[in-house]
Amino acid sequence: MIVTCKLCRKLYNGQGKICPECRQRLDELYPDVRDYLRDNPKLAFNVETVAEALDVDIRYVQELVAQGYLDRDLPEGMSREVLSDRQKLIKAFETSLDKMKSDAAIAASHKSVTYGQEVYGDKLKRR
Ligand SMILES: [Zn+2]
């Protein structure tokens, strides 16, 4: 399948949205960005600042963030700000799915309580 790389706009034959060369560039760029963030812990994370400091295209830094490369290197919540709205929606959806799963697990575990406890629990809830 011929697709356009979303980073360099080059046509390539393969899967996904990023060509093999850009993928490799991201892999090589990641340690640099990580080290930069580690060496500048007081710097508020900003893709423009990082891209400028490392002299790389801002889209590569954005892509690193979007792909979650930097999630563990950023303070909680920071990387979310640069995610697109669509990705935010996906994240929110995943979070609610996880919650539904855990709610279902809790409900399932409650089924194992004795009849007496169940009735007692219901009475408590209605009050
Ligand atoms: Zn590319």
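Fair warning: this is a prediction, and the values are worked out from it, not measured in the lab.

Attention now goes to the overall build of the protein. Assigned secondary structure in the protein consists of 5 helices and 2 strands. Across the protein, helices and strands are ordered from the amino to the carboxyl terminus as β-β-α-α-α-α-α. Burial statistics for the protein: of 127 residues in total, 12% are counted as buried. Residue pairs at least 24 apart in sequence account for 31% of intrachain contacts in the protein once pairs closer than 6 positions are excluded.

Under the 1.5 Å per step criterion, the end-to-end length of helix α1 (residues 20-39) is 29 Å for 20 residues, consistent within 8% with the ideal 28 Å. The sharpest bend along α1 measures roughly 30 degrees and falls at Leu29, with the proline Pro31 sitting one to four residues further on. Turning to α1, its buried residues are Cys22, Leu29 and Val33. Close packing links the buried residues of α1 with α2 (47-54) and α3 (58-66).

Packing of α1 against α2 brings their axes to within 11 Å, and their N-to-C directions diverge by 110 degrees. Here α1 is positioned roughly perpendicular relative to α2, judged by the angle of their axes. Here α1 runs over α2; the crossing is right-handed. Residues Asp32, Val33 and Tyr36 of α1 form the contact with α2, whose own contacting residues are Val50, Ala53 and Leu54. Of the residues in the contact of α1 with α2, the class split is 5 nonpolar, no polar and 1 charged.

It is worth spelling out α3 at this point. The α-helix winds at 3.6 residues per turn, so residues separated by three or four positions along the chain end up facing the same way. Of all the residues in α3, the buried ones are Tyr60, Val61, Glu63, Leu64 and Val65. Those residues of α3 that are buried are in contact with α1 and α2. Once α3 finishes, Gly68 follows within two positions and takes phi at roughly 85 degrees, a positive value.

With 10 residues, the main nonpolar core is built from Leu29, Val33, Val47, Val50, Tyr60, Val61, Leu64, Val65, Tyr69 and Leu70. Contributions of two or more residues to this core are made by α1, α2 and α3. Considering each element in turn, this core owes the most residues, 4 residues, to α3. Sequence-distant contacts of Val50, that is, excluding residues within four places in its chain, are made with Val33, Tyr36 and Val61.

Conventions and cut-offs
What you see as residue numbers is a count from 1 along each chain, following the sequence as written. At least 70 in pLDDT is required for a residue's local features to be given in this predicted model, at least 80 for side-chain atom pairs to be given and counted, and no such filter applies to totals for whole chains, interfaces and linings, which use all residues. Only DSSP runs of H or I covering at least 4 residues are called helices, and only runs of E covering at least 2 are called strands; the numbering of each starts at the N terminus. Remark: C-beta atoms are placed from the backbone, and a residue is labelled buried if 20 or more other C-beta atoms sit within 10 Å of its own, exposed if 12 or fewer do, or partly exposed between those counts. Two residues form a contact once the distance between their C-beta atoms, set from the backbone, is within 7 Å. By definition here, a helix of n residues has an expected span of 1.5 Å times n minus one. Given a residue, its bend is the angle between the two axes fitted to the seven residues that end at it and to the seven that start from it. To obtain an axis, a line is fitted to C-alpha atoms, over the contacting stretch when the element is a helix, and the angle between two such axes runs from 0 to 180 degrees between their N-to-C directions. Roughly parallel here means an angle under 35 degrees, roughly antiparallel means over 145, roughly perpendicular means 65 to 115, and every remaining angle is called oblique. Crossing handedness is read from the near helix: turned anticlockwise from the far helix by less than a right angle, it gives a left-handed crossing, and turned clockwise, a right-handed one. The residue classification treats Ala, Val, Leu, Ile, Met, Phe, Trp, Tyr, Cys and Pro as nonpolar and Asp, Glu, Lys and Arg as charged. All others, Gly included, are polar. Take the buried Ala, Val, Leu, Ile, Met, Phe, Trp, Tyr and Cys residues, join any whose C-beta atoms are within 7 Å, and the set you get is a nonpolar core.

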